[in-house]
Every structure is written in C-alpha cells, then in structure tokens.
Amino acid sequence: MAVMTDVSTTGTAIRNPASSPAAGAGVVKEADVEKLRFIDEMTSNVDAVQERVLGEILGRNAGTEYLTNCGLDGATDRATFRAKVPVVSYDDLQPYIQRIAEGDRSAILSTHPVSEFLTSSGTSAGERKLMPTVVDELDRRQLLYSLLMPVMNLFVPGLDKGKGLYFLFVKSETKTPGGLTARPVLTSYYKSDHFKNRPFDPYHNYTSPTAAILCADAFQSMYAQMVCGLCQRNDVLRLGAVFASGLLRAIRFLQLNWEELADNIEAGVLTPRITDPSVREAVAAILRADPELAKLVRAECSKGDWAGIITRIWPNTKYLDVIVTGAMAQYIPTLEFYSGGLPMACTMYASSECYFGLNLRPMCDPSEVSYTIMPNMGYFEFLPVDETGAASGDASQLVDLARVEVGREYELVITTYAGLNRYRVGDVLRVTGFHNAAPQFRFVRRKNVLLSIESDKTDEAELQRAVERASALLRPHGASVVEYTSHACTKRIPGHYVIYWELLLTKGAAGAAATAVDADTLGRCCLEMEEALNTVYRQSRVADGSIGPLEIRVVRPGTFEELMDYAISRGASINQYKVPRCVTFPPIVELLDSRVVSTHFSPALPHWAPARRSD
C-alpha cells in the first residue's frame with residue numbers, strides 16, 4: 001500500500017484547522033484535539049523520536065540471536081547499530097524465519113514471542129514471504145488507524161452523520177509447521193479483538209456487518225456487504241475498499257447480480273445462496289422489504305449506462321476511500337467514470353512489514369498524494385536511488401528519516417519492534433516536502449515489479465520463467481518465442497495480464513509463424529504461464545476472482561523491430577536499447593495492439609489450494 005502530499009498548508013491545518021483554507025470542517029472537534037496534537041508532536045520532533053524508537057527496539061531485542069550474531073553486545077546507540085548491523089533482504093532473513101515457522105521458540109529475531117506471521121508478496125521461489133509480528137504491534141497499527149478520521153474531519157465535515165460503505169474481506173490463512181498462523185496483515189487486523197470488539201464510533205460506522213467481513217467465502221461476503229450497502233444507501237457518506245481494484249470488483253459484482261439483489265430487497269428475504277448462518281443473521285437485522293428501493297435499483301442498473309452509478313445509487317457519497325497510488329493509479333479513470341468524478345482519498349501508507357504513515361492532505365489530487373511517515377512506528381532509513389533507478393546496498397549510504405533531501409528518491413529500509421533489522425522493504429519513494437520536521441514521500445514504485453493488478457507482484461525474472469515454461473509447449477510445433485513484452489490491462493473488470501509474443505518458426509513450415517501454432521496450444525500456453533506464477537497471483541485468480549484469465553496476443557513478425565525503431569526515434573540509443581518487459585506508454589501499447597494477429601486466453605483456472613486452515 002502507499003500514499004502522499006505537498007506541505008504548504010498541512011502544518012497549519014493540523015495545528016489550527018479553523019484558520020486554514022484547506023480545512024473544510026471549521027472548528028476542530030474536541031474528540032480530535034488530542035490526536036491532532038499527537039501528530040503535531042511526532043512530526044515536530046522526528047529525530048528525537050527516531051532515536052528513542054531505535055533505543056527501545058535494540059533494548060528489548062538485545063538478547064536475540066540475530067543481534068548477538070551482529071556483535072551488538074547490548075548496545076542501543078545509533079553509531080554502534082550503523083557499524084554492526086547489515087542491510088538485508090528477505091533471502092538473508094529466511095533461514096531465521098524458517099526456524100521460527102518450524103517451531104523454534106527461542107529469541108531468534110525478537111525477545112517478545114512471535115504471535116503470528118503476516119504474509120507478504122511472493123518470493124523468488126513463488127511462495128509468500130512470512131513476516132514475523134508480535135502482539136503489541138497491533139497497538140501500533142490501531143494507533144495509526146485512530147489518526148485517520150481526525151485528519152479527514154479537517155477536510156470533510158459531517159462524517160459522523162452517516163456511514164461508510166467499505167468492501168472489506170478476509171483471505172485464507174494457514175498454519176506453519178510449528179503451529180503459528182500465517183495470514184495477510186488486513187486479515188489479521190479484521191480477525192483481531194481490536195476490530196471485532198471495537199467500541200461504537202460514529203466515524204467508523206460501517207454498513208457492512210462484521211460477520212459479512214469475516215466470512216471467508218468471497219461471494220457470500222461480497223453479496224452480504226452489497227445488499228446491506230444498498231439497504232442503507234441514504235446513510236452512505238463514503239465508499240471504499242483497500243485497493244481501487246477492490247472497489248471496481250464491487251461495481252462489477254453489482255453489474256452481474258443487481259436483479260437478484262433487487263428481488264431480495266423487494267421481498268425482504270436474503271437469497272438461499274448465502275449459507276453462512278452468522279452472515280444470514282447479521283443481514284436479517286438490516287434487510288427489510290422495500291419495494292421502492294428495489295424499483296430504484298432496477299431502474300438504475302437496467303439502463304445499461306453505468307456512468308456515475310455510485311452517486312446514482314448512493315447519492316450522499318462525499319468521496320471514495322481507496323488506494324490509487326503506485327500500480328493502482330491505472331484504475332483512476334475507471335473510478336472517475338463510475339463515481340461521476342468524486343474525490344479519491346488515499347489515507348495511509350502501510351505494508352505487512354510495518355505501518356508507516358498518513359496522508360495529511362487526503363483530499364488532494366491522486367497525482368499529488370504524499371505520505372508523512374510517523375516516526376514512532378519503527379526506525380526508518382533510506383538508501384539513495386541513482387539515476388538508473390538502482391539503490392545501493394552499501395549501509396554507509398543510508399540516510400536517517402530527518403535527513404532526506406527534497407526531490408531525491410530513496411529505497412525504504414526499516415527496523416521494527418518485531419525483529420526486522422535494516423530490512424529493505426522494496427518501496428521506492430520520492431521526498432516531496434516536509435510537514436514540520438517530518439519528510440513527506442510520494443510512492444514511486446515497487447522495486448523490480450513489472451506487473452500488478454491487485455495485491456499480486458510479478459517481477460522480470462518470474463515473468464521470464466513463466467514464458468520459458470509456456471514456450472516449451474511450442475517446440476513440438478516447430479515454433480519458439482523470439483521476443484515478448486507484457487502489459488497490465490485494466491480496461492475490463494477484473495484486470496488481467498496481457499503477454500505479447502512474437503513467434504519464430506524453427507522448422508521449415510510454410511506460412512507466417514503466427515499461424516503455425518493452433519489456438520488450443522496457445523490457450524494451453526496461457527494456462528501454463530499462470531501455473532508458473534506465484535501463489536499470490538494464483539490465489540487472486542482462483543479464490544478471490546480479482547484477476548482475469550491471462551491473455552497472449554501474438555503479433556506479426558518484425559513487430560519488436562518496429563518497437564525498437566520507435567524507441568530510437570524518441571532518442572533511445574541503438575547500442576543500449578533492450579526490449580522492455582512491461583509496457584505502459586499508450587503509443588507503444590497501441591503499436592503492439594495494431595500488430596496483433598491472434599488473441600488467446602487461459603482456458604481454465606490455474607492450480608491453487610490453501611494450506612490447512614487454522615481453527
């Protein structure tokens with residue numbers, strides 16, 4: 001996840017919101033004063049807070065095997081930390097993490113017991129990363145969540161007078177061999193007592209019952225949340241999902257199921273397709289026979305015109321609460337279409353490894369989003385990124401949070417209470433300004449990620465392996481892949497991977513290479529590529545339905561030479577040119593599409609099965 005902003009009015013808005021032209025809410029509510037004061041204090045004393053946080057982390061984890069091996073000898077000062085502790089990647093930590101996963105309960109990375117693993121994007125071996133976490137990390141996450149609405153209230157008044165329609169879901173969880181639960185960070189939060197037993201708060205009043213959010217069946221969960229959102233349509237002041245793609249999936253679900261939803265609303269009876277007893281009970285407390293509402297849903301959804309459907313169905317919506325930075329920016333035009341141009345608020349920046357910070361100007365244009373990292377969440381360092389986009393692995397190059405430079409790009413390096421020390425997250429950030437003494441960062445990209453539709457992340461090496469595995473199916477036909485590139489296509493919901501192949505006949509077959517391989521074989525190539533992609537991708541395809549079937553577009557011979565000619569005409573060096581493995585620039589996508597001679601989709605779902613679920 002990622003979020004960010006320009007700093008010119010933010011400090012004024014936090015300290016004295018009534019006097020700030022950016023603050024639309026007028027006088028600060030009494031309940032928000034303490035939270036806003038906390039933000040002001042944290043961002044005014046960044047370096048002192050960071051020094052304290054590092055001391056706390058090193059002090060509590062001083063007896064761990066990892067820090068002992070680094071030769072820290074109980075030291076908690078920055079100088080010793082910098083001299084002794086190396087910058088690491090996940091592969092460096094995997095042997096330690098594997099031991100914890102297998103049941104070793106000694107103080108390996110943390111002196112506090114690892115309570116569970118939070119699963120992150122796939123490793124080079126195709127498995128999810130396991131990020132250790134500890135019980136008190138939930139308190140830090142909850143603290144950051146508690147700051148979101150006080151900031152939002154500065155810009156949007158009256159949010160306590162209605163509800164939020166948020167499409168929130170849990171994903172599958174497993175047990176490690178040592179018995180620890182492994183699950184995505186948001187699933188961990190939704191299943192925690194912090195979320196399930198939260199006291200009533202008018203600013204976090206959702207239309208979706210908790211039972212619907214916690215239902216592991218994606219269809220039942222979505223259906224229940226949608227029908228409850230429709231029943232409370234006039235109460236909805238904001239619509240959201242974690243990612244932009246998630247909100248678009250909800251709109252697509254409405255497109256496919258509005259007739260049945262309207263029937264349920266007219267009769268006041270939930271479809272028998274919802275079989276989870278807790279979900280049925282929760283929806284029964286909300287669903288009432290409402291023929292007029294059913295008539296409205298039918299009238300709006302049967303037109304075939306879905307422009308502005310969000311405000312047509314939920315007329316009091318003030319903004320969309322979704323992440324539209326990074327890879328999610330590709331969904332902005334579609335969201336604007338469905339919402340009639342509603343503002344999009346990116347509120348926070350977080351990951352499985354650590355929660356980082358807030359967008360202190362949440363109603364800014366998506367292109368201006370910047371995040372203010374809160375210095376109490378962990379210890380943060382930054383590796384400068386050079387002109388080629390690469391970050392050095394040299395620890396001597398690391399810059400402290402308070403000493404980054406505006407305009408520079410950095411790779412984020414974190415040290416956490418849960419035992420990650422100088423860990424390279426892989427996010428590349430650009431410094432856009434400061435709020436008080438706290439730098440603000442725009443999310444630039446995930447390092448090395450080529451393709452992403454939702455939570456999936458496919459890098460160049462993984463795409464290369466998938467192409468090689470699929471192209472083996474071409475050999476009996478006397479053909480091979482001479483060149484390829486890719487594109488994340490989001491014109492349809494759900495989005496899907498598009499792979500452009502230029503084929504070469506390796507035997508003396510007559511005719512164009514594009515027609516030398518039959519459609520059935522090329523369809524199997526699509527599926528074979530999907531089988532080669534990581535578990536996050538395959539789960540999104542099979543269990544979540546958040547990614548559509550992979551597509552191979554075969555282009556005519558010579559297309560990639562034309563691509564090179566185009567790049568050279570725009571100033572690329574003929575000596576240094578190499579085929580881009582992912583394309584986003586519209587003229588290049590249009591050039592490739594104009595040369596397509598056949599298209600093929602994966603004919604089936606790839607293999608994916610969750611490991612043994614926890615109780």
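*Asks:* Residues and numbers for the sheet that holds strand β6 (residues 236–243), please.
*Replies:* Taken in spatial order, the four strands make up an open sheet running β3-β6-β7-β8, and their pairing is parallel. The open sheet is flanked by β3 (163–167) and β8 (344–345), the only strands paired with a single partner. By the bridge criterion, five bridges tie β3 to β6 in an arrangement that is parallel. Looking at the pairing, G164 lines up with R238 of β6. Packing of helix α11 (residues 218–231) onto the sheet brings it into contact with β3 and β6, and relative to β3 it is tilted by some 155°.

*Asks:* I'd like a rundown of the packing of helix α20 (residues 559–569) against helix α21 (residues 586–594), residues and numbers included.
*Replies:* It is the contact of α20 with α21, at a shortest axis distance of 10 Å, that shows an interaxial angle of 155°. The angle between α20 and α21 falls in the class roughly antiparallel. For the crossing formed where α20 meets α21, the hand is right-handed. Residues T559, E562, L563 and Y566 of α20 form the contact with α21, whose own contacting residues are P587, I588, L591 and L592. Of the residues belonging to the contact of α20 with α21, the class tally is six nonpolar, one polar and one charged.

*Asks:* Which residues make up the layout of surface pockets, and what are the values?
*Replies:* In this structure, the second largest pocket encloses a volume near 850 Å³. Contributing to the lining of the second largest pocket are 36 residues, with Y145, L148, Y189, H204 and Y206 lying nearest its centre. Elements represented by at least two residues in the lining of the second largest pocket include exactly α2 (30–44), α7 (137–153), α8 (185–190), α9 (193–196), β6 and β7 (319–323). For the lining of the second largest pocket, the element with the most residues is α7, which contributes seven residues. A breakdown of the residues in the lining of the second largest pocket according to their chemical character gives 25 nonpolar, five polar and six charged.

*Asks:* Lay out the packing of aromatic side chains in plain terms, naming residues and giving numbers.
*Replies:* Following the criterion strictly, the structure yields 19 aromatic pairs and no others. Here the aromatic rings of F81 and Y379 are separated by 5.9 Å at their centres, their planes lie at 85°, and the arrangement is edge-to-face. Here F81, found in helix α5 (residues 78–84), pairs with Y379, found in strand β12 (residues 379–384); they are 298 residues apart in sequence, far enough to count as distant. Accessibility expressed as a relative area gives 0% for F81, which makes it buried. Exposure remark for Y379: the relative accessible area of 1% places this residue in the buried category. Ring pairs connect the aromatic residues Y145, Y189, Y190, F195 and Y355, which therefore count as one cluster. Sitting over the ring of Y355, R141 keeps its end group 5.8 Å from the ring centre. Against the face of F195 rests R198, its NZ or CZ located 4.1 Å from the ring centre.

*Asks:* How would you summarise the environment of A479 if you had to cite specific residues and measurements?
*Replies:* On the secondary structure map, A479 appears in strand β19 (residues 479–489). When the C-alpha atoms of A479 and L503 are compared, they prove to be 6.6 Å apart, with 24 residues separating the residues in sequence.

*Asks:* Help me get a handle on the side chain of D427, residues and values and all.
*Replies:* For D427, the position within the fold is in strand β15 (residues 423–435). Here Y349 takes part through its side chain, which lies 2.6 Å from a polar atom of the side chain of D427. D427 has contacts with Y349, Y410, E411, L412, F443, R445 and R446, leaving out every residue within four places of it along the chain.

*Asks:* Describe the pattern of salt bridges, listing the residues and the values that go with them.
*Replies:* Scanning the entire structure with this criterion turns up 36 salt bridges. Of the charged contacts in the structure, one is a salt bridge between E454 and R249, with a shortest N-O distance of 3.7 Å. With E454 in the loop between β17 (449–451) and β18 (458–459) and R249 in helix α12 (residues 244–267), this residue pair connects regions lying 205 residues apart in the sequence. With respect to burial, E454 and R249 carry one shared label: buried.

*Asks:* Kindly report on unusual backbone geometry, identifying the contributing residues and their values.
*Replies:* With omega at -5°, the peptide bond leading from I493 into P494 counts as cis. You can see P494 is positioned in the loop between β19 and β20 (496–505). One non-glycine residue with positive phi stands out, namely D73, at about 55°. With respect to the helices and strands, D73 occurs in the loop between α4 (65–69) and α5.

Rules used in this analysis
- Residues numbered from 1 in each chain as written.
- Predicted model: local features only at pLDDT ≥ 70, side-chain atom pairs only at ≥ 80, totals over all residues.
- Heavy atoms only, no water.
- Pairing = 2+ DSSP bridges.
- Helix = DSSP H or I, 4+ residues; strand = E, 2+ residues; numbered from the N terminus.
- Contact = heavy atoms within 4.5 Å.
- Axes fitted to C-alpha atoms, helices over the stretch in contact; angles between N-to-C directions.
- Parallel < 35°, antiparallel > 145°, perpendicular 65-115°, else oblique.
- Left-handed = near helix turned anticlockwise from the far one by under 90°.
- Nonpolar A, V, L, I, M, F, W, Y, C, P; charged D, E, K, R; others polar.
- 1 Å grid on protein atoms, 1.4 Å probe; cavity = no way out; pocket = protein on both sides within 12 Å on 5 of 7 lines; lining within 4 Å.
- Points joined across faces, edges and corners; volume = space filled by probe spheres on them.
- Phe/Tyr/Trp six-rings, centres within 6.5 Å; stacked < 30°, edge-to-face > 60°.
- Buried < 20%, exposed > 50% of the residue type's maximum accessible area, 1.4 Å probe, protein only.
- Lys NZ or Arg CZ within 6 Å of the ring centre and 35° of its normal.
- Polar contact = N/O pair within 3.5 Å; in protein donor to acceptor, adjacent residues only side chain to side chain.
- Salt bridge = Lys/Arg side-chain N within 4 Å of Asp/Glu carboxyl O.

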